[in-house]
Amino acid sequence: MGEVGSFMPVLPLAHISWALADNADRPAVDDFFIAIFGAQTAYEMVITPETEAMGFDREERLMMVGDTMLIPIAPAGAGAAVDSPMGTMLRRASGAGRWLGVSLRAADLAAADAWMQQRGFKLHYDPGMEAHYFLIARWQMMGMRVEIMTGELPNDPRLVAGWNARSWADEHPLGIEGLQAITLSCGDVTAARELFAARLEFPEIAARYLPEDDADCVAFDMGDVVIEAAVPRATKGDETSALAAHLRDVQGIYALTFKVKSAAAAAAYLRGKGLDLIGDVAGRFAIAPAQAHGRLIYFTENDVAGYPPLGTKMTTPAVFAA
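Residues numbered from 1 in each chain as written. Predicted model: local features only at pLDDT ≥ 70, side-chain atom pairs only at ≥ 80, totals over all residues. Heavy atoms only, no water.

With that settled, the discussion passes to unusual backbone geometry. At Asn155, a residue that is not glycine, the phi angle is positive and equals roughly 55°. Counting through the fold element by element, Asn155 comes out in the loop between strand S8 (145–149) and helix H5 (166–170). Backbone geometry places Glu201, a non-glycine residue, at a positive phi of 65°. Along the chain, the position of Glu201 falls in the loop between helix H6 (189–199) and strand S10 (204–210). Judged by relative accessible area, Glu201 falls into the partly exposed class, the value being 32%. (Helix = DSSP H or I, 4+ residues; strand = E, 2+ residues; numbered from the N terminus. Buried < 20%, exposed > 50% of the residue type's maximum accessible area, 1.4 Å probe, protein only.)

Inspection of the secondary structure assignment puts Arg295 in the loop between strand S15 (285–287) and strand S16 (296–300). Looking at Arg295, its side chain comes within polar contact range of the main-chain oxygen of Arg98, at 2.6 Å. Polar contacts involving the side chain of Arg295 include one to the main-chain carbonyl oxygen of His293, which spans 2.5 Å. Those residues in contact with Arg295, other than ones at most four positions away along the chain, are Trp18, Ala19, Gly95, Gly97, Arg98, Trp99 and Pro289. (Polar contact = N/O pair within 3.5 Å; in protein donor to acceptor, adjacent residues only side chain to side chain. Contact = heavy atoms within 4.5 Å.)

The space that makes up the second largest pocket amounts to roughly 380 Å³. For the lining of the second largest pocket, the elements supplying multiple residues, two or more each, are helix H7 (242–249), strand S14 (277–279) and S16. Residue contributions to the lining of the second largest pocket peak at 5 residues, all from H7. Tallied by class, the residues present in the lining of the second largest pocket amount to 11 nonpolar, 6 polar and 6 charged. (1 Å grid on protein atoms, 1.4 Å probe; cavity = no way out; pocket = protein on both sides within 12 Å on 5 of 7 lines; lining within 4 Å. Points joined across faces, edges and corners; volume = space filled by probe spheres on them. Nonpolar A, V, L, I, M, F, W, Y, C, P; charged D, E, K, R; others polar.)

What follows concerns the environment of Gly175. With respect to the helices, strands and loops of the structure, Gly175 is situated in the loop between H5 and strand S9 (176–185). Between the C-alpha atom of Gly175 and that of Ala263, which follows or precedes it by 88 residues, the distance is 8.7 Å. Apart from the residues lying within four places of it in its own chain, the contact partners of Gly175 are Trp168, Ala169, Lys259, Val260 and Lys261.

Scanning all chains against the criterion turns up 0 disulfides. Not engaged in a disulfide, the cysteine Cys186 finds its nearest cysteine sulfur in Cys217; these two sulfurs lie 9.5 Å apart. (Disulfide = S-S within 2.5 Å.)

Our focus in this paragraph is the nonpolar core. Phe33, Phe37, Ile148, Ile182, Phe196, Leu270 and Phe299 are the most contacted members of the largest nonpolar core, which has 86 residues in total. Once you skip the residues sitting within four places of it in the chain, Phe299 turns out to touch Phe37, Leu174, Ile176, Phe258, Val260, Leu270, Gly283, Arg284, Phe285 and Ile287. By size, the runner-up hydrophobic cluster in this structure holds 10 residues, among which are Ala230, Leu243, Leu296 and Tyr298. (Core = buried A, V, L, I, M, F, W, Y, C linked by side-chain atoms within 4.5 Å.)

Moving on: the sheet that holds strand S13 (residues 252–260). Taken together, the 8 strands give an open sheet; going across it, the order is S10-S11-S12-S9-S13-S16-S15-S14, and neighbouring strands pair in mixed fashion. The outermost strands of the open sheet, each flanked by one partner alone, are S10 and S14. Along the sheet, successive strands turn relative to each other by an average axial angle of 30°, direction set aside. With 6 bridges connecting them, S10 and strand S11 (residues 215–221) associate as antiparallel partners. If you follow Arg208 over to S11, its bridge partner there is Cys217. (Pairing = 2+ DSSP bridges. Axes fitted to C-alpha atoms, helices over the stretch in contact; angles between N-to-C directions.)

With that settled, consider the packing of aromatic side chains. Going through the model one piece at a time under the given rule, you end up with 14 aromatic pairs. Ring centres of Phe258 and Phe299 lie 6.5 Å apart, and the angle between their planes is 25°; this geometry places the pair in the stacked category. One end of the pair, Phe258, is in strand S13; the other, Phe299, is in strand S16, with 41 residues separating them in the sequence. Counting every residue linked through ring pairs, the aromatic cluster contains Trp18, Phe32, Phe33, Phe37, Trp99, Phe258, Phe285 and Phe299. Here the basic side chain of Arg119 rests over the ring of Trp115, its NZ or CZ set 3.7 Å away from the ring centre. (Phe/Tyr/Trp six-rings, centres within 6.5 Å; stacked < 30°, edge-to-face > 60°. Lys NZ or Arg CZ within 6 Å of the ring centre and 35° of its normal.)

Given below as structure tokens:
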């Protein structure tokens, strides 16, 4: 294989997904994002007699929260069978504190394949989807499952001329301006730098302390969102540290952080919905995970020095140039 050059200009975040073991739980998760975040449905894939005959094995709703697409996915149809590969994967990847992974958009899948293989990543193609995406297993990405996709997601509003996510900031009580960061539980800052900065060539943009998680954090610019590798200061196995427990038991995506216009207004709105908050409203605070279907979702009104401007770059998929 010849030399493969760096991608340009960015790797846009297509979506973030999480797995559910039981499709009966999916409506409540969808309703949580619709009722609390004002999520808008771009597309919903459901099992019908026609789709079941085609072998569909899951149900999912593609939801927009600002520029961020979130997709809870549950086995259904053929996926409900105990021996279904998709169903088995989703059931194994479900549970409190677990996010399935991220999808990133590339202009040319073959070029992305060559670039990733040049850097030692082992790729997986689902049968029949070879022209659409490949997967990098979570064990290669510090517990974060990565999909590299090409083409368009169904009804993706970010690709429509005139798309503007400002209504979430200006019209919804949460005041979401955008997704500031995806935080991973990490055991070693050096390993994070070797993976994200050296192999994937994401620029390192910050190193800081996260008081809410009692963690040292190193941040990398993935394109239109930041990846934070957070290393807990608590000793391994310390049950008082949620991050340390996540690192021990789960690994991978630990939290999302959304930037809001006003932390005080966002906190008042969430409390008015009957939700309990953890953390510091003046810094970074979250819905209690037990009330967020086991996921940790932070909010902050604070910018972070060195972090890129908020906003999607889905209209400019990554070009992996030879």
